[in-house]
Amino acid sequence: VGPRLEPTSDGIVVVSDGRIAAVGPAATTTMPTDAEVVDAAGLTLMPGFIDAHVHIGFYPPAEVLHGGVTTVRDLAWPPERIFPLVERSAAFDFDGPTIVAAGQMLTVPGGYPMRAGWAPKGTGRAVTSIADARAAVTEQIDSGATTIKVALNAAVGPTLDLATLKEIVAVAHEFGTRVTGHVYGLDELDKALNASMDELAHMLMSPEQILDVTIARMVSTGMVVVPTLSCFFGRDQEIAIDNLARFRDAGGTVMYGTDLGNEGPVPGIDPREVDALSRAGVGPLDIVTSATTVAARLLRLDDVGQLEPGFHADIVGVRGDATTQAAALTNVEMVLRRGRRVR
Ligand SMILES: [Zn+2]
């Protein structure tokens, strides 16, 4: 409970009108006499997970919700498809997670993801000049974007130059909007840092070790990492895990995200992601905070991410003690969205 998610045993959560009315130890928390009681013995109750990197269009939203993820941030999909879904997801009875979105991924003509096999037409937006950078950012925000996503993937094509990238970041920041990026390669990572980008949407995608001096710079500039370790495989994953472990040891902030829609992650709280985060030295409680309180703060989601009075009753129950065993995080047995039990 609380903003730091202090575990409490023998606790109860009182839900009323879709929000949390009270929470705490059974001995000291008053339950209304007419309450409908749901027994959660043996379960760890926690705030619903926020997955900060998905492409929700690849799955029925209900599958994501029923797996314990109650809020998602979609990082690139055609605006005419994603923003109507964002709107629908705000409804009390929507059978899926609450969705926020970036809209299009900003890139250059011929750059990633303009020819990517997974990306429907309109997923990318080619920026052709510095003046066009302002137009591209403004288009996304006018459509409803709460994050701006850029692509810096030098492995498959040209990338945004530093001046254009700087303009994208400056315009996004004028609107108070954070900028996240798909970054492949150490040179592109330097560019992201030089442009004051806020976030990596994946741990560095190339199989390269990030130098300690660069990690120190990422931490000191407040760059957040959304690891998506679940979509790395084999040796590439080991390198990403090592980069993440050193980033965390240096004091870096991690926000949970899987890249659902890519090869690897599955809908809901993702076992491969949880396992890989554990191997990077992220303890079970830190995994939960990265997916709840930390994500809610960074994404400015004021009423989710905590089990506290006044917050949306987005609650997940997992079998076992998830405060000490990461594997328990994926034993989802109970899901409430805004107080409505969906599992
Ligand atoms: Zn993605």
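See the structure shown above.
Described in the following lines is the structure provided in the data block. As the structure is a computational prediction, the values presented were derived from the model and not from experiment. (Residues numbered from 1 in each chain as written. Predicted model: local features only at pLDDT ≥ 70, side-chain atom pairs only at ≥ 80, totals over all residues. Heavy atoms only, no water.)

## Re the sheet that holds strand β5 (residues 69-74)
Hydrogen bonding along the main chain pairs the strands of a sheet, whether they run parallel or antiparallel. Spatial strand order, β4-β5-β6: three strands in an open sheet with parallel pairing. Each edge of the sheet is formed by a strand with only one pairing partner; in this case those strands are β4 (49-54) and β6 (98-101). On average, each strand axis in the sheet is tilted by 20° relative to the strand beside it, whichever way the strands run. As judged from the four bridges shared by β5 and β6, these two strands associate in the parallel manner. What sits directly across from Thr-71, in β6, is Thr-98. Sheet strands in contact with helix α2 (residues 79-89) are β5 and β6, and its direction is about 145° off that of β6. (Pairing = 2+ DSSP bridges. Helix = DSSP H or I, 4+ residues; strand = E, 2+ residues; numbered from the N terminus. Axes fitted to C-alpha atoms, helices over the stretch in contact; angles between N-to-C directions. Contact = heavy atoms within 4.5 Å.)

## Structural notes on the pairing of β5
Taken across its six residues, β5 has six buried, putting it largely inside the fold. Of the strand pairs in this sheet, β4 and β5 are connected by four bridges, and their pairing is parallel. Counted as the bridge partner of Phe-49 is Val-69 from β5. Between the parallel pair β4 and β5, the chain is carried across by helix α1 (residues 61-66), and the sense of this crossover is right-handed. Since β5 and β6 lie parallel, the crossover through α2 that links them has a hand, and here it is right-handed. (Buried < 20%, exposed > 50% of the residue type's maximum accessible area, 1.4 Å probe, protein only. Right-handed = clockwise from strand over helix to strand, strands pointing away.)

## So, the coordination of the zinc ion
Coordination of the zinc ion by the protein comes from His-53 (NE2), His-55 (NE2) and Asp-259 (OD), over a distance range of 2.0 to 2.2 Å. Each donor residue of the zinc ion lies on one chain, and together they are spaced H-x1-H-x203-D. Taken as a pair, His-55 in the loop between β4 and α1 and Asp-259 in the loop between α7 (234-249) and α8 (271-279) lie far apart in primary sequence, 204 residues in all. (Donors = N, O, S within 2.8 Å, 3.2 Å for Na, K, Ca; no water.)

## Observations concerning helix α5 (residues 186-194)
Taken residue by residue, α5 has Glu-188, Leu-189, Lys-191, Ala-192 and Leu-193 as its buried positions. Those residues of α5 that are buried lie in contact with β9 (147-153), α4 (162-174), β10 (178-184), β11 (199-200) and α6 (212-220). Two residues or fewer past α5, Ser-196 is found with a positive phi of approximately 60°.

## A look at unusual backbone geometry
Put simply, Tyr-112 and Pro-113 share a cis peptide bond, and its omega is 5°. Position of Pro-113 among the secondary structure elements: in the loop between β7 (105-107) and β8 (124-126). One non-glycine residue, Ala-76, lies in the positive phi region at around 120°. Of note, Ala-76 is situated in the loop between β5 and α2. A positive phi angle is found at Ser-196, which is not glycine, with a value near 60°. Secondary-structure assignment places Ser-196 in the loop between α5 and β11. A relative accessible area of 46% means that Ser-196 is categorised as partly exposed.

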